[in-house]
Amino acid sequence: MNRVSIHENLVSIRGKGGYIGIHCGGHLPISYMTFRQNNTGEWMVGQINCIMAMTDIGPGDGPTTLIPGSHKARIPHPKLSGGTKVYRSDEAAGKQIGMREIYAERGDVLMFTDTITHGSAERTNEGYRRMCLYRYSPRWIRSRFHYVPSPELLAALTDEQRDIIQPIPPRYSPSALEEHALNG
Amino acid sequence: MEQPIIPRGCDDEYLIDYMFDLNGYIVFQGALDPDDLNEMNGWSMTTRTLSTALAAATIKPMADSGLVMSRLIPTAAPTGPTFRMSSKLARYSAN
């Protein structure tokens, strides 16, 4: 019904000291932080992350961490119980209560609802962890940083690919269109 | 089962749905095609100034590579997906 679009694609290369803080959870009243539709009980997974391991990811590599089942939490994690209740960047998520490190071999894919409380552990090993992330959203959510695909990119896609890269074409103001025309 | 790990080749959609619903996450073992994986590692190895350069560059090479959505979205798998969601998840994700 709401169909699928790409919210964000990225490659992450994490060196020593890198980490992500704890964020998200079922307690958040954010429109896309959903897992089920309350009235019908059907799945309505607002965002889905697919993390593709490009290298083996084990202890000390700065793995993704998450709290199993926290997508159904009704109250915030203790670390998220104050302030915005969304994100804490002051220390690695891996240190927080209930977090589980998710290890993977290269070629494995970790798929999770963005509603789950997650983040990463701090990388303590030398070298780098490489992963690729695809995040899928309902089509009515713009891409994270609002990039507008180039005509060349759109022309290279199949109809099906184009439909999730740019499900709703941008609509420019007259002045913006004029500026585009002047700049070629 | 300590972790919700789905072995390569497993097509038990009920099990996959149950594990995802219960835990909120799943690990698909060996889901990436080795050739795609090597290509993806090629992108990252040749791009050294990552935090800024990749932010602008990632979408285009992914799409141009041809591996993008045909391998990763549930409804498009012309050559046989190396990673796919269950039909139920495909139906209800972002539904």
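For the structure, check the block above.
An account of the accompanying structure is given in this report.

Re the overall build of chain B
Part 1: From N to C terminus, chain B includes six helices and two strands.
Part 2: Mapped in sequence order, the helices and strands of chain B form the string β-α-β-α-α-α-α-α.
Part 3: Counted over contacts in chain B with a minimum sequence separation of 6, partners at least 24 positions apart contribute 36%.

Focus: the overall build of chain A
Part 1: Helix and strand content of chain A: three helices and nine strands.
Part 2: Helices (α) and strands (β) of chain A occur, in sequence order from the N terminus, as β-β-β-β-β-β-β-β-β-α-α-α.
Part 3: The dimensions of chain A, computed from C-alpha atoms along their principal axes, are 55 × 45 × 30 Å.
Part 4: Each of the 184 residues in chain A was classed as buried or not, and the buried ones make up 41%.
Part 5: Considering only contacts within chain A whose residues lie at least 6 apart along the sequence, 86% involve residues at least 24 apart.

Here's the deal with the nonpolar core
Part 1: Grouped together as the largest cluster of nonpolar side chains are 47 residues, with contacts concentrated most on A:M52, A:V109, A:L110, A:M111 and B:I26.
Part 2: Elements with a contribution of two residues or more to this core: β1 (4-14), β3 (48-53), β7 (109-113), β9 (129-138) and α2 (159-165) of chain A together with α1 (13-23), β2 (25-28) and α2 (34-46) of chain B.
Part 3: Here this core gets five residues from one element, more than from any other, and that element is β3(A).

Details of α1(B)
Residue and element names in this part refer to chain B.
Part 1: Turning to α1, its buried residues are I16, M19, F20 and N23. Summarising the axial view, the buried residues of α1 lie within an arc of 95 degrees, below the 170-degree limit, and thus occupy one face.
Part 2: Two residues or fewer after α1 comes G24, characterised by a positive phi angle close to 85 degrees.

Describing the sheet that holds β2(B)
Part 1: Pairing in this open sheet of six strands is mixed, and the strands run β1(A)-β9(A)-β3(A)-β7(A)-β2(B)-β1(B) from one edge to the other. Across the chains shown, the open sheet's two edge strands, defined by having one partner strand only, are β1 of chain A together with β1 (5-6) of chain B.
Part 2: Here β1(B) runs beside β2(B); their pairing, made up of two bridges, is parallel. From the neighbouring strand, B:I5 faces β2(B), where its bridge partner is B:V27.

What counts and how
- Residues numbered from 1 in each chain as written.
- Chains lettered and ligands numbered in written order.
- Predicted model: local features only at pLDDT ≥ 70, side-chain atom pairs only at ≥ 80, totals over all residues.
- Helix = DSSP H or I, 4+ residues; strand = E, 2+ residues; numbered from the N terminus.
- Contact = placed C-beta atoms within 7 Å.
- Buried ≥ 20, exposed ≤ 12 C-beta atoms within 10 Å, placed from the backbone.
- Core = buried A, V, L, I, M, F, W, Y, C linked by C-beta atoms within 7 Å.
- Arc of directions from axis to C-beta.
- Pairing = 2+ DSSP bridges.

So far we have only geometry, and geometry alone does not tell us how the molecule works.
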